[in-house]
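# Structural description and commentary
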Amino acid sequence: MRQELLRRSRDNPRYTLSAFARDLRLSPSRVCEVLSGKQGLSRPTAEKVARQLGLSLNESELFCDLVESEHARSREKRELASARVKRRMLESQMQMIGLDVFEVIADWHHIAIMQLMQCEGFRGEPGWIAKALEIDKAQAASALARLERLELVKKDRHGQFKPFKEFVTTPDQTPSLALRHFHRQVLTKALRALDQQPVNERDISAIVVPFDARMTGELKTMIKEFRRKALRRASEGVRRDQLYCLSIQFFNLTPNKEKRP
């Protein structure tokens, strides 16, 4: 809950704890007590919060078990919930991530800075990075320092920044709140490109077709293969003078339509 409040406050400086409480359908005093650790949540209330946060079924169950393992009134319920959490962690090999790593996953400019380092003419100066990515200089400086602290980037013997580790796609176990935050930011950048970039510098298109939902897995595999093929081809380029983003959207336009058995 605290991480989600921080994220929303970053996206909208006017977003307050009262607004967060309203969105969770709880009283501000209740939310304040929970965030400060003075009170816990019951499982029914945790389920309500999970729905309001838009968590998936698995995320919701994990969240509720975590809450119950800490705040259930009976020792037996706390121990059972704790056992479920441990079993879920082992089964999915989920690793708890710190705030810094969450930031790297959630805020688009961290990944962009890592990839920008491979472009011609890169300068590891916050001012230069800020201008190139159209972000604040303070954002660029803090992101650069965070990436270096996490050993995702390093300085070579000439004092130039280089990616230390190849950035890979996040696993399925990564909290989707972070992923959704990242994709919202990318989609916002795409909308800006739609309005401001000439057609010869972008490709934003869409198709709408009737579809057999049983083929969803097959189409997702095809999209993944296309992304990999496109990235391999891009890496073969002689010059790397610009940083581009390839974003593909594939989703159900009729989620409320009755499905065939």
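See above for the structure.
This structure is a prediction, so every number in the text was calculated from the model and none was measured.

Looking now at unusual backbone geometry. One non-glycine residue, glutamate 134, adopts positive backbone phi at about 60 degrees. Within the element layout of this structure, glutamate 134 appears in the loop between helix H9 (126-133) and helix H10 (137-149). With phi around 60 degrees, glutamate 151 is a residue other than glycine that occupies positive phi space. Among the structural elements, glutamate 151 can be located in the loop between H10 and strand E1 (153-155).

Mapped onto the elements, serine 60 comes out in helix H5 (residues 57-71). Serine 60 gets classed as buried once you look at its relative accessible area, which sits at 16%. In this view, serine 60 contacts Ala50 and Leu55; residues no more than four positions away in its chain are not counted.

Any aromatic ring pair is given by two values, namely how distant the centres are and how the planes are angled relative to each other. Following the criterion strictly, the structure yields three aromatic pairs and no others. For the pair tyrosine 15 and phenylalanine 20, a centre-to-centre distance of 6.5 Å together with 65 degrees between the ring planes defines the contact as edge-to-face. Both residues of the pair, tyrosine 15 and phenylalanine 20, belong to the buried class.

Side chains of Lys220, Lys224, Arg227, Arg228, Lys229 and Arg232 sit close together on the surface and give a patch of like positive charge. Mapping lysine 224 onto the fold places it in helix H12 (residues 216-235). Judged by its relative accessible area of 40%, lysine 224 is partly exposed.

A word on the packing of helix H4 (residues 43-53) against H5. Relative orientation of the contacting elements H4 and H5 amounts to 145 degrees, with a least axis distance of 9 Å. In the crossing of H4 with H5, the sense of the turn from one axis to the other is right-handed. Here Arg43, Ala46, Glu47, Val49 and Ala50 of H4 come into contact with H5, specifically with Ser60, Glu61, Phe63, Cys64, Asp65, Val67 and Glu68.

Here is what the cut-offs are and how they apply
- Residues numbered from 1 in each chain as written.
- Predicted model: local features only at pLDDT ≥ 70, side-chain atom pairs only at ≥ 80, totals over all residues.
- Heavy atoms only, no water.
- Helix = DSSP H or I, 4+ residues; strand = E, 2+ residues; numbered from the N terminus.
- Buried < 20%, exposed > 50% of the residue type's maximum accessible area, 1.4 Å probe, protein only.
- Contact = heavy atoms within 4.5 Å.
- Phe/Tyr/Trp six-rings, centres within 6.5 Å; stacked < 30°, edge-to-face > 60°.
- Patch = residues over 30% accessible without salt bridge, like charges linked within 9 Å, V, L, I, M, F, W, Y side chains within 5 Å.
- Areas by Shrake-Rupley, 256 points an atom, 1.4 Å probe, with all protein chains shown as cover.
- Salt bridge = Lys/Arg side-chain N within 4 Å of Asp/Glu carboxyl O.
- Lys, Arg positive; Asp, Glu negative; His and termini not counted.
- Charge placed at Lys NZ, Arg CZ, Asp CG, Glu CD.
- Axes fitted to C-alpha atoms, helices over the stretch in contact; angles between N-to-C directions.
- Left-handed = near helix turned anticlockwise from the far one by under 90°.

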